[in-house]
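# An overview of the molecular structure
Listed here are the chains, written in short residue letters.
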Amino acid sequence: MKRFLLIATFAASAVYVQAQNCNPDATITQPGVYPEQPDTAFADEAYDFSFQVLALKDTVVVFAGQPQNATIDSIMVNNVIGLPSSFEYTCNPVNCVFTWRDVGCVNVTGNPTQSQAGVYDLKIAPTIYASRN
């Protein structure tokens, strides 16, 4: 019987990577991370999965207790927290900086082992660059 790793829901915040490259899907027009849930990884089988990312352009943030309109310049993925030790990620663009102008992608690869079977709650640590309108 094969044991598997289920990589938990991927937050729309961002992504971490450093192996093979991925190809952005230019047909995506709505901001977000697609798909929301990655494929299941199986022990002793190579894993290779890509997320598509299109950043928000405008949003409202709370600053000093007051809502402010903000224009997002870019979102940079600093880290993906919670990946099993045999996994890594890469981005396209390679600097892991995503904008609202172009779709980018994050490719997650790894070679899961039997001892890594489980559910992993991934967290994305981004830096968001924005300006007030």
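Residues numbered from 1 in each chain as written. Predicted model: local features only at pLDDT ≥ 70, side-chain atom pairs only at ≥ 80, totals over all residues. Heavy atoms only, no water.

Using the criterion set out here, one finds one salt bridge in the structure. Its salt-bridge partner being Lys123, residue Asp121 comes within 3.1 Å of it at the nearest N-O pair. Overall, Lys123 belongs to the partly exposed group, its relative accessible area being 45%. (Salt bridge = Lys/Arg side-chain N within 4 Å of Asp/Glu carboxyl O. Buried < 20%, exposed > 50% of the residue type's maximum accessible area, 1.4 Å probe, protein only.)

For the rest of this paragraph, the subject is the state of the cysteines. Following the criterion strictly, the structure yields two disulfides and no others. The disulfide partner of Cys22 is Cys105, and the gap between their sulfur atoms is 2.2 Å. Disulfide Cys22-Cys105: the torsion about the S-S bond is 105°, which places it as right-handed. Taken together, the residues span a long stretch of sequence, with Cys22 in the loop between strand 1 (4–7) and strand 2 (32–34) and Cys105 in strand 9 (residues 104–110) at a distance of 83 residues. Each member of the pair, Cys22 together with Cys105, is buried. Between the sulfur atoms of Cys91 and its disulfide mate Cys96 the distance is 2.0 Å. Disulfide Cys91-Cys96: torsion about the S-S bond near 90°, hence right-handed. When sorted by exposure, Cys91 lands in the same class as Cys96, which is buried. (Disulfide = S-S within 2.5 Å. Helix = DSSP H or I, 4+ residues; strand = E, 2+ residues; numbered from the N terminus.)

Turning our eyes to something else, we now look at the pairing of strand 5 (residues 58–63). Judged by how many residues are buried, strand 5 sits mostly at the surface: zero of six residues are covered. Here strand 5 pairs with strand 6 (residues 66–81) via six bridges, running antiparallel. Bridged to Val62 within strand 6 is Pro67. (Pairing = 2+ DSSP bridges.)

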